[in-house]
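# Structural characterization, general
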Amino acid sequence: MNHVIRRIAALALALGTFGFARPAAAQLKVVTSTTDLYDIARQVGGNLVMVTHIGEGYQDPHFIEAKPSFVLQLRNADVWAFVGLDLEIGWMPLLLDGARNPKVRLGGSGYLDVSKAIPVLDVPQGNVDRSMGDVHPLGNPHYWLDPENGRRIARLFKDKFSQLDRKNEDRYEANEKAFEARLNAAEKTWAPYLAQIRGKPVIAYHTSWRYFAQYTGMRIVAYMEPKPGVPPSPSHVFEVIRDAKQAGAKVVVQEPFYDRKMSDLVAKNLGGTVLIVPPSVGGARDVPDYITLMTKDIQAVAAALR
Amino acid sequence: MRTILFATCVALAIVSPLGAQQPDTTRKPTSPADSARQRQVRDSLKAVQDSLDLMKQIEAAQSAPSQAPQSQPQQTSGATGATNPRLLPDFSAVGDFVGDLSPNGTTQEDATRFSVREVELAVQAVVDPYLRGDVFLGISDLEGVSIEQAYLTTTSIPDLEIRMGRYLMPFGKQNTTHRHDLHTIEYPYVIQRFLSTDGLKGTGVWVDKVFAPFGFYQELQATAVDRLGDRVDSLTTAEPANKRLGGIGFSARVRNYWDLTQAANVELSFSGMTGKREQPLNETYAGILQASGVGANAALARQSTVGADFTFRWRPLQQGLYKSFILQGEVMRQLNSRSPEIPVASAPAVGYVGPTYAGPTRDFTGAYGFARWQITARGFVGARYDWLQDPLQNGRTFAAGSGYLEWYPSEFSKFAAAYERHSRLDALGQDRILLQATFSLGPHKPHPF
């Protein structure tokens, strides 16, 4: 009997040592909803933070499955940073409820709604209902595709990390400044491309290119979706072709996760092209970080409009 | 708070000159006791200085003109204020409309060809910093208004969730999904026969713990509920099942989840529950009981159910809007007490020698398998196979195959059509044709994965 008890005790000890033991909390554990926030958090946090993300850059961020494995990521997180403006409304509540981590719930020290630092576009005026499609009542959530918002996001991360880890405040500040310096340097190289884009008409698949258009001066004259989240219908495609012809648009800009059949049809009728552009970090193999994302997207759009 | 801080600082400020009268702290200590005393004095002086510095900073901050932080832009979404200033809860409604075009007559419980099977009203909100509340009311022609679910959930206990109230019992995979949100129009037959036609509910306490000692997701869900299963109005026992603690219901479920790839994952879970339920007595014996003044026609018999469920999901991330596949199966075994305690008649049962217990005296097994394939952005086809030893037919084997077509105009509405064929020819015939339309109004919380 004693032999059995000793074995059980040894097993419990082993589980305690290898299974349930947690490493000392040296780094801030940060989980982000998208890869763009992930990359900027990584740049600002450096080796002081451990960042993971839920969505992938080639995935529609509106429709992410709330998999239990994500709950494990959030269970021990110090910071949960998300885009906000209801982008994650379909899956975030399940993950936060499942995580049972008061730090990352609304009101917790690690709950970081990044949209709070952003001047938001397309905030609907007047009454809003679902006849308008997947409308976001708080405004357009695809704000990271404007580098000025990239800076705002970086500053917000700096503030949050500094608040939670006072002793490394200076290092977060230095990292954030270094990120802005790299972004500024990259921005200088974009000038000739921006000149090629400014004022040129395009067709966008979804409203995700609004902030990009505001920054680059690209003119969106029609959307493939008749309403946000509603796939193009034949009658709408007819209207898109008509409007695009009137405006002289020949390029359809769309994300890699949308079906391109209708876009190809429109491009064919216009004698133009469909440009598949990653909307997020990791949306294509050669887009490993935020500055590269902006650079590649601007270059690709400029090349298509040249 | 500010007053307390100020008073503390004043007190410390008064004490600080006294510190000046203490022995010179820069002098070399002559003994270990002196050294400790000097360190203590130094710490006290530093605390006083820190408090005064803090007070100065607070005063400076209060007197400075208010200024937006530099890192915040002037006009942000946060600047518009709270989005729900009146702290209203989320109100939502779900309508579930069912049509039955079966060739040999309707197969619906209320004998209708077309019916609003249920309207579900939900009120959901955070109650306070520690709890959230969810209330779901079911309204149907058959049952009137009923409390489908109403529970408080803790939100501030790290790693643990406790739920109190009425809820869908965490037994098997599909039972925790509301009927209107199933991939099929009705629950699989094994759930309908072994648990309840519209999902087994329980009223009590639910404790839920997520853990990952082996590197993958595991969750333990345990409940204690007032009673197990739906009450049968026509059955009366000599004493209520919950009179003794052993008569209330208990359940436990262990979920195991693995990501196979980014696109594919598997869940394998095991459930068990036990409790006492009312089971009928032989009518003649019930009459004898009645005659002897015992107003009971049922006995309390222990019923336990064990089950296992398996779900495989595939959804490629990049084409996730257009392609997905689910393969799911559950198997359950219901274990029934063979000789429950029978109420004793005080009057002699003259001439009666037959059996007295008329409840189930054998165990039953049932299972289903289900698959659903996404064929377009909004279209799905599915099929299900049901097999069970039917408790309503004393274990007679029952099998059914069904096919489904589903179309989702958006996340908030669904149209479905089903054809089902039974193995057994009974009064309802072998074929069923069902139609369904559901819609959701308001901010209905997403359903569990």
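By convention here, each chain's residues receive numbers from 1 onward along its written sequence. All chains are assigned letters beginning with A, and all ligands numbers beginning with 1, in the order in which they are written. Whole-chain, interface and lining totals are the exception, using all residues; otherwise, since this is a predicted model, local features are given only for residues with pLDDT of at least 70 and side-chain atom pairs are given and counted only at 80 or more. Note that water and hydrogens are dropped before the side-chain values are worked out from all heavy atoms of the structure.

On to the sheet that holds strand 2 (residues 49–53) of chain A, then. Residues and elements named next belong to chain A. Across the sheet, which stays open at both edges, the four strands sit in the order 2-1-3-4 with parallel pairing between neighbours. Each edge of the open sheet is held by one strand with a lone partner, namely strand 2 and strand 4 (111–113). Across the sheet, the axes of successive neighbouring strands diverge by a mean angle of 20°, strand direction being ignored. Strand pairing is assigned whenever DSSP detects at least two bridges linking the two strands. Working definition: helices are DSSP H or I runs of at least four residues, strands are E runs of at least two. Numbering for both runs from the N terminus. Where strand 3 (residues 79–82) lies against strand 4, three bridges are found, and the strand directions are parallel. Across the sheet, W80 pairs through a bridge with Y111, a residue of strand 4. Interaxial angle, 0 to 180 degrees, is taken between N-to-C directions of lines fitted to C-alpha atoms, where a helix line uses only the stretch in contact.

As used here, the term nonpolar core means buried Ala, Val, Leu, Ile, Met, Phe, Trp, Tyr and Cys residues forming a set that is joined through side-chain atoms within 4.5 Å. Burial classes: relative accessible area under 20% of the type maximum marks a residue as buried, over 50% as exposed, and values in between as partly exposed (1.4 Å probe, protein chains only). Of all hydrophobic cores here, the largest spans 59 residues; its most connected members are I153, F157, F161, W209, M218 and Y290 of chain A. Ranked by residues supplied to this core, first place goes to helix 10 (residues 290–305) of chain A with eight residues. As annotated, the domain borders come from an automatic or database domain assignment. Counting only domains with at least three residues in this core, you end up with domain 1 (28–119 + 130–181) and domain 2 (189–305) of chain A. Excluding anything up to four places from it in sequence, F161 of chain A contacts L28, V30, A41, V44, G45, V49, V79 and Y172 of chain A. By size, the runner-up hydrophobic cluster in this structure holds 25 residues, among which are Y167, F194, F364 and L388 of chain B. We call two residues contacting when some pair of their heavy atoms lies within 4.5 Å.

Interface size is often expressed as the accessible area that is lost when the parts come together. All names here are of chain A. Domain assignment breaks chain A into domain 1 (28–119 + 130–181) and domain 2 (189–305). Computed over C-alpha atoms only, the centres of domain 1 and domain 2 are separated by 26 Å. On the side of domain 2, 28 residues touch domain 1, which itself brings 27 residues to the contact. As used here, buried area is the combined drop in accessible area, with a 1.4 Å probe, of two parts when they are placed together. Carbon and sulfur atoms make up 59% of the surface buried where domain 1 meets domain 2, a total of about 2200 Å² over both sides. Sorting the residues of domain 1 by area buried against domain 2 places N140, L145 and P147 first, and these three jointly supply 28% of that buried surface.

Think of a sheet as strands paired side by side through backbone hydrogen bonds, with each pair either parallel or antiparallel. Residues and elements named next belong to chain A. Reading across the sheet, the four strands line up as 6-5-7-8 and stay open at both edges, with parallel pairing between neighbours. The open sheet has two free edges, formed respectively by strand 6 (219–223) and strand 8 (273–276), since each of these has just one partner strand. Averaged over all neighbouring strand pairs, the angle between strand axes comes to 35°, with direction disregarded. Across four bridges, strand 7 (residues 251–254) lies against strand 8 in parallel orientation. Note that in strand 8 the partner of Q254 across the bridge is I276. Seen against the sheet, helix 8 (residues 234–247) touches strand 5 (201–204) and strand 6 and runs at an angle of roughly 155° to strand 6. Contacts between helix 10 and the sheet are confined to strand 5, strand 7 and strand 8, with strand 8 contributing the most and set at about 175° to the helix.

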